[in-house]
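One letter stands for each residue in the lines below.
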Amino acid sequence: QVQVVESGGALVQSGGSLRLSCTVSGTMLRLLNMAWHRQAPGKEREPVADISVYNDTNVSDSVKGRFTVSRDNAKSTVYLQMNSLKPEDTAVYYCSARFYRSTRDYWGQGTQVVVSS
């Protein structure tokens with residue numbers, strides 16, 4: 001059973017930085033394509049960044065230049081480094097995992113990020 005657990009959410013001031021972690025258990029991280037999503041109050045969940053089993057990364061236009069995604073397979077952990085945070089980055093951040101060439105996603109419970117102005 002694949003389990004995904006996010007951590008690192010916090011209250012931070014505008015312009016600050018935060019690093020979120022996503023730890024996977026039940027399988028080897030190197031087998032998984034990973035992604036970060038977020039959901040702000042009253043809004044749809046949206047993709048933020050993803051990283052493939054080959055370490056190819058993508059970030060959404062709204063966070064490009066501020067957020068970076070990385071992975072440490074030895075630690076079974078994926079990171080989302082968030083810099084220059086803005087109040088509009090306030091959301092619950094979710095991590096998802098997908099086996100290579102699969103269509104099933106495993107989701108974490110989310111971690112809350114609040115950016116104060």
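Residues numbered from 1 in each chain as written. Predicted model: local features only at pLDDT ≥ 70, side-chain atom pairs only at ≥ 80, totals over all residues. Heavy atoms only, no water.

## Comments concerning the state of the cysteines
Throughout the structure, instances matching the rule amount to one disulfide. In this model, C22 is linked to C95 through a disulfide, with the two sulfur atoms separated by 2.0 Å. Since a negative S-S torsion denotes a left-handed disulfide, the C22-C95 link at about -80° is left-handed. Placement of the pair is C22 in strand β3 (residues 18-25) and C95 in strand β9 (residues 91-99), with a sequence separation of 73 residues. Given a relative accessible area of 0%, C22 falls into the buried group. (Disulfide = S-S within 2.5 Å. Helix = DSSP H or I, 4+ residues; strand = E, 2+ residues; numbered from the N terminus. Buried < 20%, exposed > 50% of the residue type's maximum accessible area, 1.4 Å probe, protein only.)

## With respect to the nonpolar core
One finds M34, W36, L80, M82 and Y93 to be the most contacted residues of the largest nonpolar core, which totals 29 residues. Looking at this core, the elements with two or more residues in it are β3, β4 (32-39), β5 (46-51), β7 (67-72), β8 (77-82), β9 and β11 (111-116). Ignoring anything within four residues of it in the chain, the contact list for L80 reads L18, R19, L20, W36, V48, A49, F67, T68, V69 and Y93. (Core = buried A, V, L, I, M, F, W, Y, C linked by side-chain atoms within 4.5 Å. Contact = heavy atoms within 4.5 Å.)

## Here's the deal with unusual backbone geometry
Unusually for a residue other than glycine, N55 sits at a positive phi of about 75°. Its location among the elements puts N55 in the loop between β5 and β6 (57-59). Of note in this structure, S84 is not a glycine but carries a positive phi near 50°. With respect to the helices and strands, S84 occurs in the loop between β8 and β9.

## Thoughts on the pattern of salt bridges
Summed over all chains, the structure comprises five salt bridges. Linking D89 and R38 is a salt bridge whose minimum nitrogen-to-oxygen distance equals 2.9 Å. Of this pair, D89 sits in the loop between β8 and β9 while R38 sits in strand β4, and the two are 51 residues apart along the sequence. Like D89, the residue R38 is buried in the burial classification. Salt-bridge contacts for K64 lead to D61; the nearest nitrogen and oxygen are separated by 3.2 Å. Within the structure, one salt-bridge network assembled from shared partners comprises R38, E46, R66 and D89. (Salt bridge = Lys/Arg side-chain N within 4 Å of Asp/Glu carboxyl O.)

## Brief notes about the pairing of β11
Only one face of β11 is buried, namely the one carrying T111, V113 and V115, since none of Q112, V114 and S116 on the opposite face is buried. Here three bridges tie strand β2 (residues 11-13) to β11, and the two strands are oriented parallel to one another. Within β11, the position partnered with L11 by the bridge is V114. Two strands pair when backbone bridges link them, and β9 and β11 are joined in this way by three bridges, in the antiparallel orientation. By the bridge assignment, A91 is partnered in β11 with V113. (Pairing = 2+ DSSP bridges.)

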